[in-house]
Amino acid sequence: MTSWLEFLAQQGLQTDDPLDHYGDWRREVSAWFDGGVITDESSHVCLLAKGADTASFLSRLSTFALNTLQPGQGARPFILDARGRIKVAFHYHCVQEQITLLSCHRSAVDVL
């Protein structure tokens, strides 16, 4: 059985630059934003939050006005400490009105 990185190398992954890519990183980034990308998120935790005040509460704690997002939209805000240092970066996705999907690294779930 091969590791994930070995498998990606067999598919053409180039790791000689600071940015890992498959030969045309600009096109890959464009595909990431314009289409869909499958990534290994096994090191992340997903949380489902429900309630009318979820977005406004997280907006007060984070670096993004999450309460301005409509269903289907998302953001990647940060929660900072008192000195402005990042405590946690997380993914926020407004699924429906008053239903939110949150995702962060497993090591930072206590902060979130």
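Residues numbered from 1 in each chain as written. Predicted model: local features only at pLDDT ≥ 70, side-chain atom pairs only at ≥ 80, totals over all residues. Heavy atoms only, no water.

Caption draft 1: Here's a closer look at the overall build of the protein. From N to C terminus, the protein includes three helices and five strands. Relative to its full complement of 112 residues, the protein shows a buried share of 21%. Partitioning the intrachain contacts of the protein with sequence separation of at least 6 by distance along the chain shows that 33% fall at a separation of at least 24. A total accessible area of about 8,300 Å² is found for the protein, and carbon and sulfur atoms account for 54% of it. (Helix = DSSP H or I, 4+ residues; strand = E, 2+ residues; numbered from the N terminus. Buried < 20%, exposed > 50% of the residue type's maximum accessible area, 1.4 Å probe, protein only. Contact = heavy atoms within 4.5 Å. Areas by Shrake-Rupley, 256 points an atom, 1.4 Å probe, with all protein chains shown as cover.)

Caption draft 2: Spatial organisation of the nonpolar core. Leu58, Leu66, Leu69, Val88, Phe90, Tyr92 and Leu102 are the most contacted members of the largest nonpolar core, which totals 14 residues. Listed by contribution, the elements that provide at least two residues to this core are helix 3 (54-61), strand 4 (86-96) and strand 5 (99-105). For this core, the element with the most residues is strand 4, which contributes four residues. For leucine 102, the residues in contact, after removing those within four places along its chain, are Val45, Cys46, Leu47, Ala49, Leu58, Phe90, His91, Tyr92 and Leu112. (Core = buried A, V, L, I, M, F, W, Y, C linked by side-chain atoms within 4.5 Å.)

Caption draft 3: The arrangement of a nonpolar patch on the surface in detail. A cluster of nonpolar side chains, namely Leu48, Val95 and Leu101, defines an oily patch on the protein surface of about 240 Å² accessible area. Looking at where valine 95 falls in the secondary structure, it is placed in strand 4. (Patch = residues over 30% accessible without salt bridge, like charges linked within 9 Å, V, L, I, M, F, W, Y side chains within 5 Å. Salt bridge = Lys/Arg side-chain N within 4 Å of Asp/Glu carboxyl O.)

Caption draft 4: Quick peek at helix 3. Here helix 3 has its buried residues at Thr54, Ala55, Leu58 and Ser59. Relative to the axis of helix 3, the buried residues are bounded by an arc of 130° and lie together on one face. (Arc of directions from axis to C-beta.)

Caption draft 5: View of unusual backbone geometry. Of note, glutamine 98 is a non-glycine position whose phi angle comes to about 70°, a positive value. Its location among the elements puts glutamine 98 in the loop between strand 4 and strand 5. In this structure glutamine 98 comes out as partly exposed when scored by relative accessible area, which is 43%.

Caption draft 6: Main features of the pairing of strand 4. With two bridges joining them, strand 2 (residues 74-75) and strand 4 adopt antiparallel strand pairing. Note on strand 4: the bridge partner recorded for glycine 74 is histidine 93. Sheet topology note: the strand 3 (residues 78-80)/strand 4 ladder contains three bridges and is antiparallel. For phenylalanine 78, the partnering residue across the bridge sits in strand 4 and is alanine 89. As paired elements, strand 4 and strand 5 share six bridges and run antiparallel to each other. Bridge pairing links phenylalanine 90 to cysteine 104 in strand 5. Between the antiparallel neighbours strand 4 and strand 5 lie two residues, among them glutamine 98 with a positive phi of about 70°. (Pairing = 2+ DSSP bridges.)

Caption draft 7: Broad picture of the confidence of the model for the protein. Across the protein, the average pLDDT comes to 81, with 76% of residues at 70 or higher. Mean pLDDT across the secondary structure elements of the protein bottoms out at helix 2 (residues 25-34), with 69, and peaks at strand 3, with 93. (pLDDT = per-residue confidence, 0-100.)

Caption draft 8: Inspection of the state of the cysteines at higher detail. All chains considered together, the criterion is met by zero disulfides. We note that cysteine 104 lacks a disulfide partner, and the nearest cysteine sulfur, in cysteine 46, lies 8.8 Å from it. (Disulfide = S-S within 2.5 Å.)

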